[in-house]
Amino acid sequence: AAVPGPLDKGCSLRRSLRLPASAAAEGMKRPLGRRYGLWFRLRKLMLWLLGMYIAIPFLVKLCPAIQAKLVFLNFVRVPYFIDLKRPQDQGLNHTCNYYLQPEDDVTIGVWHTVPAALWKNARGKDQLWFEEALGSSHPVILYLHGNAGTRGGDHRVELYKVLSSLGYHVVTFDYRGWGDSIGSPSERGMTYDALHVFDWIKARSGDNPVYIWGHSLGTGVATNLVRRLCERETPPDALILESPFTNIREEARSHPFSIYRYFPGFDWFFLDPITTSGIKFANDENVKYISCSLLILHAEDDPVVPFHLGKKLYNIAATSRSFRDYKVQFVPFHTDLGYRHKYIYRSPDLPRILR
């Protein structure tokens, strides 16, 4: 049935109002035009992203320095806007900031946190007092942090506090190119910085035990360091590896954040440039030449360094002839604990494990 048109003043029906044919056609074109324009822009964006996805591997291959930057991530400074000269701003009132010079053009920033028993005496003391305190009857831990961030990272600060409360001196530093340390990052340079700090500690700690603790990428620096110390017959009293990997190539291949792991020629595009840059961090090779007690800590839910790499490294070390006279221990942390990559310091069992 026809719908009646509107009424005029005389109650007679008006002629129904209709749009001209040309206006109706134009009205239909507008939404169609909008949809077509949106689809065109979306398709253009997808093609651009696809082009970038394909271009990045070639860019990395041509510029290996890019891959080195991604391994070190030294340009990522988290947390931002903190003054590394003032560790007390991070709640470390019993910590002193030093600067050491491993080489002529290199300066590294160092924090030294004293054991809890010395907290009261440490307030207001200068660098000389802290250096002499290393000779007190307390063991020393040299902590080697992972990539990204600085020695003032939140989870690192919390670990210093835990270790200090357990009676350890904690000495940590930023490698050249990290934080406020001066120099260009490299595996050789990072290892040399660690060796310099270790020798600096030993010159002041006397016969006190000195332990090396490496976390994540710092485990690569730690095994490099300890291998060199063992070769010169001055090994540390123990090596602690938290969330370690076997070598940097396997870690890059297994990294959950790698969106290119299934890309054709992944090794050639991404792993070979790492090797070309002189970056190996070969923990699996280094442990074959280390002769001191070894403790490996790894969380099953680690999203950065897969748990199976830490277990594989332990299996290599446990069967190595160099550890024949030393204790090698692997301590896993169940997924339900939620310690992931950097929260093992929260474990209430850590004091017992370290003892």
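Preceding this section is the structure that the text describes.
Just so it is clear, the model here is predicted, and its values are computed rather than measured.

Ranked by size, the top nonpolar core spans 61 residues in total, and within it Phe 72, Leu 142, Leu 144, Phe 173, Ile 212, Leu 239 and Phe 281 carry the most contacts. Sequence-distant contacts of Ile 212, that is, excluding residues within four places in its chain, are made with Leu 142, Leu 144, Phe 198, Ala 222, Leu 225, Val 226, Pro 236, Ala 238, Leu 239 and Ile 240. The next biggest cluster of nonpolar side chains, apart from the first, holds 25 residues, and it includes Leu 159, Trp 213, Leu 297 and Ile 344.

Extensive coverage of strand E4 (residues 169-173) is indicated by the burial of five of its five residues. On E4, burial covers both faces: His 169, Val 171 and Phe 173 on one face and Val 170 and Thr 172 on the other are all buried. Sheet analysis places strand E2 (residues 106-113) next to E4, joined by four bridges and oriented antiparallel. The partner of His 112 across the bridge, within E4, is Val 171. Pairing geometry for strand E3 (residues 140-144) and E4, over four bridges, is parallel. Directly across from Leu 142, in E4, lies its bridge partner Val 171. With helix H5 (residues 154-165) bridging E3 and the parallel E4, this β-α-β connection has right-handed handedness.

Strands pair in a sheet through their backbones, by hydrogen bonds, and they do so in one of two ways: parallel or antiparallel. Taken together, eight strands build an open sheet; the order of strands is E1-E2-E4-E3-E5-E6-E7-E8 and the sheet is mixed. Edge positions in the sheet fall to strand E1 (95-103) and strand E8 (328-333), since each of these pairs with one other strand and no more. The average undirected angle you get between the axes of adjacent strands in this sheet is 20°. Alignment of E1 against E2, held across seven bridges, turns out to be antiparallel. For Tyr 99, the partnering residue across the bridge sits in E2 and is Gly 109. Sheet strands touched by helix H11 (residues 307-318): strand E6 (238-242), strand E7 (293-299) and E8. Its angle to E8, the strand with the most contacts, is close to 165°.

Reading guide: rules and limits
- Note that residues are indexed from 1 along each chain, following the sequence as it is written.
- Given that the model is predicted, a residue must reach a pLDDT of at least 70 before its local features are reported, and side-chain atom pairs must reach 80 or more before they are shown or counted; all residues, however, enter totals for whole chains, interfaces and linings.
- Side-chain metrics in this entry use all non-hydrogen atoms of the structure; hydrogen atoms and water are not considered.
- As used here, the term nonpolar core means buried Ala, Val, Leu, Ile, Met, Phe, Trp, Tyr and Cys residues forming a set that is joined through side-chain atoms within 4.5 Å.
- Classification of residues uses two cut-offs on accessible area relative to the type maximum, computed with a 1.4 Å probe and protein chains only: under 20% is buried, over 50% is exposed, and between them is partly exposed.
- In this analysis, two residues are considered to be in contact whenever any of their non-hydrogen atoms come within 4.5 Å of each other.
- Segments assigned H or I by DSSP are reported as helices when at least four residues long, segments assigned E as strands when at least two residues long, and all are numbered from the N terminus.
- In this description, strands pair whenever DSSP reports at least two bridges between them.
- Handedness rule for crossovers: strands pointing away from the viewer, path from the first strand over the helix to the second running clockwise, crossover right-handed.
- Lines fitted to C-alpha atoms define the axes here, with helix axes fitted over just the stretch in contact, and angles between the N-to-C directions of these axes take values from 0 to 180 degrees.

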